[in-house]
Amino acid sequence: MPSFKSHLVSFILRHSRKKAFASPENLQRWIAYARKTEDHHPPALLRERLDITERSVDGFPVYEIAPKVGERRRILYMHGGAYVFQITSYHWGLIAEMAERLGFGITVPIYPIAPEHDFHAMFGMVGDVYRQMLDETDAEDIVFMGDSAGGNMAVVLTMMAAEEGLPLPSRHVLISPGLDMSLSNPEVFEAERNDPWLGISGGLEAIRMYSAGIDRSDWHISPLYGDLSVLPQTLLLTGSHDLLSPDNLIFAKKARAAGVDVQVVYEEGMFHVWPLIEMPEARRARDSIVAFLEGEPTKRRATARRTARPALAARPAQAAE
C-alpha cells in the first residue's frame, strides 16, 4: 500500500506541477518563470559532504563528484525535466546518495535545454562528455543513469554510440524514462488520468521544442523503435501512476526479446520519478539501484554496429514538411 507521504506528494503535484503540462501555453509560462529561478549549482550542503569540481564542455558546465580512493567505476548521470527544465535539488539529493553509498565517480553534465537549444546541441554536448569519459575510463566501468528525459537520453546516447562504433556503457539505470513519444499506445491516454504530474498536451509541446523537427516516431526521439539489442544490462524503475509506465513495460518486453537483461522495479501507486522524492517508496527504489550497481554486470550479448557516421551529434533524418 502506498505510504501516507506518497499520497500527500501526489496531491501536491496534482495541484501544482500538473498544471505545467496541462497545455502548451501553460508549459511556456512555467518555462519562462523557471528561467528566473533555476540554479544548476549543487546545493551548498552537498559541497560540504562531497568533493565536487566543475569544468566546461562545449561551453556548458559539467560537475565531477570524486569517487572513493581507488574506485574506477563512474556514472554519467543525465537529469530529467522534459528537456526544458534545469536540474533540481531533488536530482542532486539522489546523486549525492549514490556517490556516498556506491563510492563511484559521478559525472553530471548541465546540458543545453530547450527552447533555447535543441536535440543536436543536447546530444552533441553529452556525446562529447562521454567521449572524454572514455579517454579516462574503460566502458565496462561506466554506467548511464537518468530520470525521465534523462532516461531517454541514456538510451538514445547508447544507440548513437553504437552507430559510431564507440565502446558502450556496461549498465543502464532508467528512472521513469520517456521511451515512446509517438503516442501510438492508447494505454497512455488512460494512464494520464491517474498521473498526478505529467500531461500529454504540455508534454507534446516540450517534444516540439527540443526535437528539431525530427519525427516523434524516429528512434532519436522515441528509442523504443531503435535497435534495442545494443543496450546493456538495465534496471528500469516505473510506477503504476505514471503515464510513461505502459511504454516502459513494452520497452522491457521488447528489450528482453532482443537479448537484453532487463530488471524492472514496478511500484504500485507510484508517480513519475518517485525515487527522487524522500519517502519510503523512494528508499526502497534507491536500495534497488545500489544493489543493482554493486553486483557484477552480465556479459553483453549484442555487439555495437559500426557505420560511417562520424559523430554522436550527427543529424538524424528530419520530419517531412
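Reading the values: rules and limits
Residues numbered from 1 in each chain as written. Predicted model: local features only at pLDDT ≥ 70, side-chain atom pairs only at ≥ 80, totals over all residues. Heavy atoms only, no water. Helix = DSSP H or I, 4+ residues; strand = E, 2+ residues; numbered from the N terminus. Rg over C-alpha atoms; globule rule 2.2 N^0.38 Å. Buried < 20%, exposed > 50% of the residue type's maximum accessible area, 1.4 Å probe, protein only. Contact = heavy atoms within 4.5 Å. Lys, Arg positive; Asp, Glu negative; His and termini not counted. Charge placed at Lys NZ, Arg CZ, Asp CG, Glu CD. Axes fitted to C-alpha atoms, helices over the stretch in contact; angles between N-to-C directions. Parallel < 35°, antiparallel > 145°, perpendicular 65-115°, else oblique. Left-handed = near helix turned anticlockwise from the far one by under 90°. Nonpolar A, V, L, I, M, F, W, Y, C, P; charged D, E, K, R; others polar. Pairing = 2+ DSSP bridges. pLDDT = per-residue confidence, 0-100.

## A closer look at the overall build of the chain
Step number 1: When helices and strands are counted, the chain shows 11 helices and 8 strands.
Step number 2: On C-alpha atoms alone, the chain measures out to a radius of gyration of 18 Å, which is about the 20 Å that the 2.2 N^0.38 rule sets for 321 residues.
Step number 3: Oriented by its inertia axes, the alpha-carbon framework of the chain measures out at about 50 × 45 × 40 Å.
Step number 4: A total of 321 residues make up the chain; the buried ones form 59% of that total.
Step number 5: The long-range share in the chain, meaning contacts at least 24 apart out of those at least 6 apart in sequence, stands at 80%.
Step number 6: Separation between the mean location of the 34 positive side-chain charges and that of the 42 negative ones in the chain comes to 2 Å.

## A few points about the packing of helix α6 (residues 119-136) against helix α7 (residues 149-164)
Each packed pair of helices is defined by two parameters, the angle between the axes and the distance between the axes.
Step number 1: Taken N-terminus to C-terminus, the directions of α6 and α7 make an angle of 70 degrees; their axes are 11 Å apart at the nearest point. One finds that α6 runs roughly perpendicular with respect to α7. Where α6 crosses over α7, the handedness of that crossing is right-handed. Side by side, α6 and α7 meet where Phe119, Met122, Phe123, Val126, Gly127, Tyr130 and Arg131 of the first sit next to Asn152, Met153, Val156, Leu157, Met160, Ala161 and Glu164 of the second.
Step number 2: Broken down by class, the residue content of the contact of α6 with α7 amounts to 10 nonpolar, 2 polar and 2 charged.

## Details of the sheet that holds strand β5 (residues 142-147)
Step number 1: Spatially, β1-β2-β4-β3-β5-β6-β7-β8 is the arrangement adopted by the 8 strands of the open sheet, whose pairing is mixed. In the strand order of this sheet, the two ends are held by β1 (52-57) and β8 (262-267), each with one partner. Here the average twist between neighbouring strands, direction ignored, is 20 degrees.
Step number 2: In the sheet, strand β2 (residues 60-65) pairs with strand β4 (residues 105-109) via 4 bridges, with the strands oriented antiparallel. Across the sheet, the residue bridging to Glu64 is Thr107, located in β4.
Step number 3: Sitting on the sheet, helix α10 (residues 245-257) is in contact with β6 (171-175), β7 (233-239) and β8, with an inclination near 160 degrees to β8.

## Structural notes on the confidence of the model for the chain
Step number 1: In this model, the chain carries an average pLDDT of 92, and 93% of its residues clear a pLDDT of 70 or more.
Step number 2: When the criterion is pLDDT under 50, residues 302-311 qualifies, and its contacts beyond four places in sequence or with other chains add up to 24 contacts.
Step number 3: pLDDT under 50 marks residues 313-321. Its contacts with residues more than four places away, or in other chains, come to 22 contacts.

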